[in-house]
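Residues per chain, in single letters:
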Amino acid sequence: MLHDPKRVYVFDTTLRDGEQVPGCQLSTSEKIEIARELEALGVDIIEAGFPVSSPGDFQSVVEISKAVRNPTVCALTRANKGDIDAAVESLKYARHPRIHTGIGSSDMHIKHKFNSTREEILERAVEAVKYAKKSVEDIEFYAEDAGRADIHYLAQMVEAVIAAGATVVNIPDTNGYCLPNQYGDKIKFLKESVKNIDNAIISVHCHNDLGLATANSIAGLQAGARQIEGTINGIGERAGNTSIEEVVMILKTHQQQIDLFTNINTKNIYEISRMVSTQMRMPVQPNKAIVGGNAFAHSSGIHQDGFLKNRENYEIIKPEDVGFPSASIVLTARSGRHALKFHLERLGIKPDKAELDEAYKNFLTLADSKLNITDADLLSLVDSDKFVS
Ligand code: KIV
Ligand code: ZN
């Protein structure tokens, strides 16, 4: 298949890596609802579950395969036949099925998780890809803990699994260990030294243990990866996964410099963020980039004044571009006259200078004693009868 060299594929794992968060388990019908919303968002791949892990996960992959048409539906496995058989069976209704199989690639995992050797693990990796390839054409291989793996061994593994039929090679920073330049260099090394690398897409899968998941994913894309894996709102084990909405909006905002694009309908971002938060009972922190409640709220007087003169003074993304209801000017004791005037005018009140000065004086007293200034409070600051026609 020919790929546009500038196109970045978006692989959503909210329903697999995201759902591993304790307390976030979803029913099959909730998962179907999210999968449909992910399809509307325009993600390219939905990782629907880990079929061998439970009958519920298996069934969810079956039902999601039936429910969506455009995205590839992916099922996770370990590198063994039983897992792969379950995944193949669960994907039988998928229009575009993908198996995501893999094994640890760092010496840490090889010795202390598998009690094995590099040679044996390499053999198991190749066997798993070959076995999965007998049933499904699209095979993604993950080299777990690649962030800490020896780069030469990782390159050997990547080359071997591509030769065995992998169409996508996932280089996970499973423990969120890498610095952006380290992660970017890893991808660059693979791109430059693995001789069959152009037969596969490199995928970035970063965890957020040091708060670097998004930065690492961007570094990986800049170094040549063309698939990014993440979750809505960045949910996931421990400190979470890369936030899809952050990567998508970085690529859009810096289109000139980075020169890559996704097919995401960014106007759907806010809606799916709310849906995932509600269904998974995971509140979004107010200061979360792109989708947090305060992401487009301006509260200090200096910012409000600048924003009201020209919103681009304090806004690099238009809230409507991500479907956010609207930017808000929050009235607090640090707000200035401009912000008060803006809200009074919103209520149809056009005070002259003296009236605004008087209202502002009363407003500061009120704002010092009250957290939320309501429209009724605003009306009480002025002689509203005078303004009602
Ligand atoms: O973080 C990780 O390494 C994973 C793999 C299973 C892809 O989630
Ligand atoms: Zn992961």
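Residues numbered from 1 in each chain as written. Chains lettered and ligands numbered in written order. Predicted model: local features only at pLDDT ≥ 70, side-chain atom pairs only at ≥ 80, totals over all residues. Heavy atoms only, no water.

1. Thoughts on unusual backbone geometry
Working step 1: Even without glycine at this site, N233 takes up a positive phi of about 65 degrees.
Working step 2: Inspection of the secondary structure puts N233 in the loop between strand 8 (227-230) and helix 9 (244-253).
Working step 3: With phi around 60 degrees, D259 is a residue other than glycine that occupies positive phi space.
Working step 4: On the secondary structure map, D259 appears in the loop between helix 10 (255-258) and helix 11 (269-279). (Helix = DSSP H or I, 4+ residues; strand = E, 2+ residues; numbered from the N terminus.)

2. Some remarks on the coordination of the zinc ion (ligand 2)
Working step 1: Coordination of the zinc ion (ligand 2) by the protein comes from D17 (OD), H205 (NE2) and H207 (NE2), over a distance range of 2.0 to 2.1 Å.
Working step 2: Look at where the donors of the zinc ion (ligand 2) fall in the sequence and you get D-x187-H-x1-H. With D17 in the loop between strand 1 (9-12) and helix 1 (28-41) and H205 in strand 7 (residues 201-206), the pair connects residues that are 188 residues apart, well separated along the chain. No difference in accessibility class separates D17 from H205, as the two residues are buried. (Donors = N, O, S within 2.8 Å, 3.2 Å for Na, K, Ca; no water. Buried < 20%, exposed > 50% of the residue type's maximum accessible area, 1.4 Å probe, protein only.)

3. Brief notes about the pairing of strand 4 (residues 97-104)
Working step 1: Of all eight residues making up strand 4, seven are buried, and the element is well covered by its neighbours.
Working step 2: Note that the unit made of strand 3 (residues 72-76), helix 3 (residues 81-90) and strand 4 has a crossover that is right-handed.
Working step 3: Note: strand 4 against strand 5 (residues 138-144), seven bridges, orientation parallel. For G102, the partnering residue across the bridge sits in strand 5 and is Y142. (Right-handed = clockwise from strand over helix to strand, strands pointing away. Pairing = 2+ DSSP bridges.)

4. Details of the sheet that holds strand 3
Working step 1: Read around the barrel, eight strands follow the order 1-2-3-4-5-6-7-8 and close on themselves; strand pairing throughout is parallel. Averaged over all pairs of adjacent strands, the angle between strand axes in this sheet comes to 25 degrees, irrespective of strand direction.
Working step 2: Pairing geometry for strand 7 and strand 8, over three bridges, is parallel. Within the sheet, the bridge partner assigned to S203 lies in strand 8 and is Q227. (Axes fitted to C-alpha atoms, helices over the stretch in contact; angles between N-to-C directions.)

5. Points about the domain arrangement of the chain
Working step 1: Along its sequence, the chain is organised into domain 1 (9-279) and domain 2 (297-387).
Working step 2: Once you take the C-alpha centre of each, domain 1 and domain 2 turn out to be 45 Å apart.
Working step 3: In this assembly, domain 1 packs against domain 2 so that about 630 Å² is buried in total across both faces, 65% of it on carbon and sulfur atoms.
Working step 4: It is M249, K267 and Y270 in domain 1 that bury the most area against domain 2; as a group they hold 69% of the surface buried on that side.
Working step 5: Put simply, domain 1 and domain 2 have one salt bridge between them.
Working step 6: K267 is the partner of D321 in a salt bridge, and the nearest nitrogen-oxygen pair spans 3.9 Å.
Working step 7: Taken together, the links from domain 1 to domain 2 amount to three residue pairs in polar contact (both at pLDDT 80 or more).
Working step 8: At the level of elements, helix 9 and helix 11 are the ones that each hand at least two residues to the side of domain 1 that touches domain 2.
Working step 9: Tallied by class, residues from the side of domain 1 that touches domain 2 come to three nonpolar, two polar and one charged. (Domains from an automatic or database assignment. Buried area = accessible area lost by both parts, 1.4 Å probe. Salt bridge = Lys/Arg side-chain N within 4 Å of Asp/Glu carboxyl O. Polar contact = N/O pair within 3.5 Å; in protein donor to acceptor, adjacent residues only side chain to side chain. Nonpolar A, V, L, I, M, F, W, Y, C, P; charged D, E, K, R; others polar.)

6. Structural notes on the site of ligand 1
Working step 1: Within the structure, ligand 1 sits among R16, D17, H100, Y142, E144, N170, P172, T174, H205 and H207.
Working step 2: Note that an oxygen atom of ligand 1 is positioned 2.9 Å from one of the side-chain N or O atoms of R16.
Working step 3: Interatomic distance of 2.7 Å between a side-chain N/O atom of T174 and an oxygen atom of ligand 1.
Working step 4: The fraction of the free accessible surface of ligand 1 (260 Å²) that becomes covered by protein chains is 93%.
Working step 5: Of all the elements in the fold, those that place two or more residues in the shell around ligand 1 are strand 5 and strand 6 (168-173). (Near = heavy atom within 4 Å. Areas by Shrake-Rupley, 256 points an atom, 1.4 Å probe, with all protein chains shown as cover.)

7. What about the pairing of strand 6?
Working step 1: Burial runs high along strand 6: six of the six residues are buried.
Working step 2: Judged by which residues are buried, strand 6 turns out to be covered on both faces: V168, N170 and P172 on one side and V169, I171 and D173 on the other are all buried.
Working step 3: Bridge count between strand 5 and strand 6: three bridges; the pairing is parallel. Paired with E140 across the bridge in strand 6 is V168.

8. Here's the deal with the packing of helix 1 against helix 11
Working step 1: Direction vectors running N to C along helix 1 and helix 11 enclose 165 degrees, while the axes themselves pass 10 Å from each other. Relative to helix 11, helix 1 is oriented roughly antiparallel. Handedness of the helix 1/helix 11 crossing: left-handed. Side by side, helix 1 and helix 11 meet where E30, E33, I34, E37, L38 and L41 of the first sit next to I269, E271, I272, M275, V276 and Q279 of the second.
Working step 2: The residue inventory of the contact of helix 1 with helix 11, partitioned by class, reads seven nonpolar, one polar and four charged. (Parallel < 35°, antiparallel > 145°, perpendicular 65-115°, else oblique. Left-handed = near helix turned anticlockwise from the far one by under 90°. Contact = heavy atoms within 4.5 Å.)

9. Overview of helix 11
Helical geometry: 3.6 residues make up each α-helical turn, so side chains three or four residues apart lie on a common side.
Working step 1: Of all eleven residues in helix 11, eight are buried; the element is thus mostly enclosed.
Working step 2: Burial in helix 11 covers these residues: I269, Y270, I272, S273, M275, V276, S277 and Q279.
Working step 3: Summarising the contacts, the buried residues of helix 11 are in contact with helix 1 and helix 9.
Working step 4: Looking one or two residues past helix 11, R281 carries a phi angle of roughly 55 degrees, positive in sign.

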